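Structural characterization, general
Each chain is listed here by its residues.
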Amino acid sequence: MAAYDFVLNGDLRILNISGKAESFLGYDISDLRGKAFIELIKLDYQERTASALGHGEQDFCFILDAGSLWHFIEFEPVPLPDGTTGISISNLNPLASDSGKTFSSFAGFIENMFDIYYTADIYGNITAISPSVFIYSGFTPEELVGKNLGNELYVNPAMRETFKELIGINGKVSAFDAPLFRKDGSVWWVSTYAHFIKNSKGEVIGVEGIARDITDHKEGLEKLLRGIETRYKTLFESATDAIFIVDLRTKRIVDANAAARNMTGYSLDELRTLIPEQVHPRYEFEKVHNYIIRKREEFGLKETVRLDFLNKHGEIIPTEITASVITEDGRKFSIDVARDISQRLATEKKQREQEQMLVHQSKLAAMGEMISNIAHQWRQPLSKMTGILTNLEMGIKQGNLDKNEAEDLIREAFSTLKFMSHTIDDFKNFFSPSKPVEEFCINAALNEVLSIIEPNLRFHGIRVIIKAQENIFLTTHRNEFCQVLLNIIQNAKDILSIRKTPEPKIEIRITAGRGKTVIRVADNGGGIEHSAMGRIFEPYFTTRPDGQGIGLYMSKIIIEKNIKGTITARNTFEGAEFTIVL
């Protein structure tokens, strides 16, 4: 039994504890015998810990010691022959002497540095922090381990979400400035560099970072900004174009005029907490990262750049933006001027609609000409048919029509009708380019699509539920129909994978009746963002960082133009649902 730090019975209650664990956690076996092991675990880890114990899987969690302090540990359960479970634990605190990590050899250096070294888990709970934090915050390291950054320490909890979004994009963050609460309730500022850390299985278990106190710098920056406001306030606030002042070191907005605040819907304090991505729609991220930021940092945007903003209410504001770089007290700032071009685009759209109307009228005129041509081509064959029928009628009435002559007239009539039929075919082909159309079973087509993507779905643990009437047949372009199904299922798979949805599933329902066939594809991935709902079928619009915005646009073209059906999307209680009606 001594080989394991804890021994649990079948109900996961503690039977024994090793001397090492007693020393580490400060417990005596008499304190713990019969106690549920899960009760020692931090609340947001209890469910996953119970699951790991049930499946005999290695995992990590916070455990409470006898002094009501939290410790971040890695545990490995092992089923024993007598039906009990042995658990070995190891301390994941890199500053602890018993952590067993290579980094612990630098603990002496970290404990004496002025900057603050820290680690935090995937939920934002502090797992380790250097003693220097006491100088700036008034908290001891022991008091901070287990505290949640977003809920307990950030002045603005939403900044924790901003931090998560940033580190999720690149795997690291730098110069991330945030205000924190001290122990006495006052506020201090830190600037952080952080990156992901992984456990022995290669799983991301949190972040590791260095934080520097920048409270004095922030106060000096505020003085600088007040000086800028004093000199330029009247001109700045009265400008009709939106003006943003961006700190090129931190890449954050430090000021914005009334027009900018009105355009975005954010207050100045809110804008100062946002990263650039949060004031632009996702489809502009690549332009912002690879062009706007780079050009602005180098020498400003000398040319006017077309860029969409995303306001607080999820509305898209099209703009044209220019930028100039200024230097104040050795600090570089970019003055970005954005002009709202919504009205201009509306006017251009109206002009395009008028142009499209002219094009449509032109097509109608061409159709009229084509019908006229058909009528012209049919005039002679119709006259010929009239003559053939007259000859047949006269021959029958006079009784002098022999068999050979009748057969000749009939062959001539069929030849004329064949010519007229070809004329009609030419007309149809002119307005409807030829594409293969076939009758096929939708159920079989769906199975074919699923056979293509099924290994990928299985890899991501996605369950597919099919509720379909049997033997529903459709006559249309089979390959294009299958492509639409594939696009929609692939989109659902991507969202479920990106959002790491628990128990992910895709439900497909197919019904037929009253001359309509309805196909519904739904997922439980949380749904489509409200701001994106109206644009998901537009070309090149996407909500995924690596998306191209082609799939749903082409699906709409195929369903509505080629198959003559409809395709719509909506959010359900669990996620998104796409409906195709044919």
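Residues numbered from 1 in each chain as written. Predicted model: local features only at pLDDT ≥ 70, side-chain atom pairs only at ≥ 80, totals over all residues. Heavy atoms only, no water.

1. Quick word on the overall build of the chain
- In terms of helices and strands, the chain carries 18 helices and 22 strands.
- Within the chain, the proportion of its 582 residues that are buried is 43%. (Helix = DSSP H or I, 4+ residues; strand = E, 2+ residues; numbered from the N terminus. Buried < 20%, exposed > 50% of the residue type's maximum accessible area, 1.4 Å probe, protein only.)

2. As for the packing of aromatic side chains
- For the structure shown, the criterion picks out 12 aromatic pairs.
- Seen in terms of ring centroids, tyrosine 45 and phenylalanine 60 are 6.2 Å apart; in terms of plane orientation they differ by 70 degrees. Their pairing is edge-to-face. Pair noted here: tyrosine 45 is in helix H3 (residues 43–55) and phenylalanine 60 is in strand E3 (residues 59–64), with a separation of 15 residues, a long-range link.
- Residue phenylalanine 60 is classed as buried on the basis of its relative accessible area, which comes to 2%.
- Look at tyrosine 136 and tryptophan 188: their rings are 5.9 Å apart centre to centre, the planes differ by 10 degrees, and that puts the pair in the stacked class. Here the residue tyrosine 136 occupies a position in helix H5 (residues 133–137), and tryptophan 188 occupies one in strand E9 (residues 187–198), the gap between them amounting to 52 residues. Tryptophan 188 matches tyrosine 136 in its accessibility class, with the two residues each being buried. (Phe/Tyr/Trp six-rings, centres within 6.5 Å; stacked < 30°, edge-to-face > 60°.)

3. With respect to the sheet that holds strand E19 (residues 505–513)
- Strands sit in the order E17-E19-E20-E22-E21 across an open sheet of 5 strands; the sheet is mixed. Here the strands that pair on one side only, and so sit at the sheet edges, are strand E17 (463–468) and strand E21 (566–571). Taken over all neighbouring pairs, the strand axes of this sheet differ in orientation by 15 degrees on average, direction set aside.
- Direction of pairing for E21 relative to strand E22 (residues 576–581): antiparallel, over a ladder of 6 bridges. Of the residues in E22, the one forming a bridge with threonine 566 is valine 581.
- Sitting on the sheet, helix H18 (residues 551–562) touches E21 and E22, and the angle it makes with E21 is about 135 degrees. (Pairing = 2+ DSSP bridges. Axes fitted to C-alpha atoms, helices over the stretch in contact; angles between N-to-C directions. Contact = heavy atoms within 4.5 Å.)

4. Some points on the confidence of the model for the chain
- Overall, the predicted model of the chain reaches an average pLDDT of 81, with 84% of residues at or above 70.
- Confidence scores differ between elements of the chain, with helix H4 (residues 107–111) showing the lowest mean pLDDT of 64 and E22 the highest of 94.
- With pLDDT under 50 throughout, residues 358–366 is counted as low confidence; its partners more than four residues away or in other chains account for 0 contacts.
- Note that residues 426–434 has pLDDT below 50 and, in this model, 6 contacts with residues that lie over four places away or in other chains. (pLDDT = per-residue confidence, 0-100.)

5. Things to note about helix H16 (residues 478–498)
- For H16, with 21 residues, the first-to-last C-alpha span of 30 Å sits near the 30 Å given by 1.5 Å per residue.
- Directly after H16, the chain includes lysine 500, whose backbone phi takes a positive value near 50 degrees. (Expected span 1.5 Å × (residues − 1).)

6. As for the sheet that holds strand E10 (residues 204–213)
- Taken together, 5 strands build an open sheet; the order of strands is E7-E6-E10-E9-E8 and the sheet is antiparallel. Here the strands that pair on one side only, and so sit at the sheet edges, are strand E7 (126–129) and strand E8 (172–181). Adjacent strand axes in the sheet meet at a mean angle of 30 degrees, parallel and antiparallel pairs treated alike.
- Here 6 bridges tie strand E6 (residues 116–121) to E10, and the two strands are oriented antiparallel to one another. Residue isoleucine 116 lies in a different strand from E10, and its bridge partner there is alanine 211.
- Sheet strands in contact with helix H8 (residues 158–170) are E6, E8, E9 and E10, and its direction is about 170 degrees off that of E8.

7. Here's the deal with the nonpolar core
- Core analysis: the largest hydrophobic core is formed by 38 residues, its most contacted members being Phe481, Ile489 and Ile506.
- Put simply, the parts of the chain that give this core at least two residues each are helix H15 (442–459), H16, E19, strand E20 (516–523), H18 and E22.
- Broken down by element, this core gets its largest block of residues, 8 residues, from H16.
- Discounting residues that sit within four places of it in the chain, isoleucine 489 has contacts with Leu446, Val449, Leu450, Ile453, Ile506, Ile508 and Val521. (Core = buried A, V, L, I, M, F, W, Y, C linked by side-chain atoms within 4.5 Å.)

8. A look at the pattern of salt bridges
- Enumeration according to the criterion identifies 23 salt bridges in this entry.
- Measuring nitrogen to oxygen at the nearest pair gives 3.2 Å for the salt bridge that ties arginine 261 to glutamate 237. With arginine 261 in helix H10 (residues 258–264) and glutamate 237 in helix H9 (residues 215–238), this residue pair connects regions lying 24 residues apart in the sequence.
- Assessed through its relative accessible area of 25%, arginine 261 is described here as partly exposed.
- Of the residues examined, glutamate 237 reaches a relative accessible area of 23% and is grouped as partly exposed. (Salt bridge = Lys/Arg side-chain N within 4 Å of Asp/Glu carboxyl O.)

9. Notes on H3
- Listed in full, the buried residues belonging to H3 are Tyr45, Thr49, Ala52 and Leu53.
- Just beyond H3, the residue with positive phi is glycine 56, at close to 65 degrees.

10. Description of the environment of histidine 55
- Counting through the fold element by element, histidine 55 comes out in helix H3.
- Along the primary structure histidine 55 and proline 77 are separated by 22 residues, whereas in three dimensions their C-alpha atoms are 8.8 Å apart.
- In this structure the side chain of histidine 55 is engaged in a polar contact, spanning 2.8 Å, whose partner is the backbone oxygen of serine 51. (Polar contact = N/O pair within 3.5 Å; in protein donor to acceptor, adjacent residues only side chain to side chain.)

11. Looking at a nonpolar patch on the surface
- There is a patch of nonpolar side chains on the surface, built from Ile122, Tyr123, Phe196 and Val204 and spanning about 300 Å² of accessible area.
- Relative to the helices and strands, isoleucine 122 is located in the loop between E6 and E7. (Patch = residues over 30% accessible without salt bridge, like charges linked within 9 Å, V, L, I, M, F, W, Y side chains within 5 Å. Areas by Shrake-Rupley, 256 points an atom, 1.4 Å probe, with all protein chains shown as cover.)

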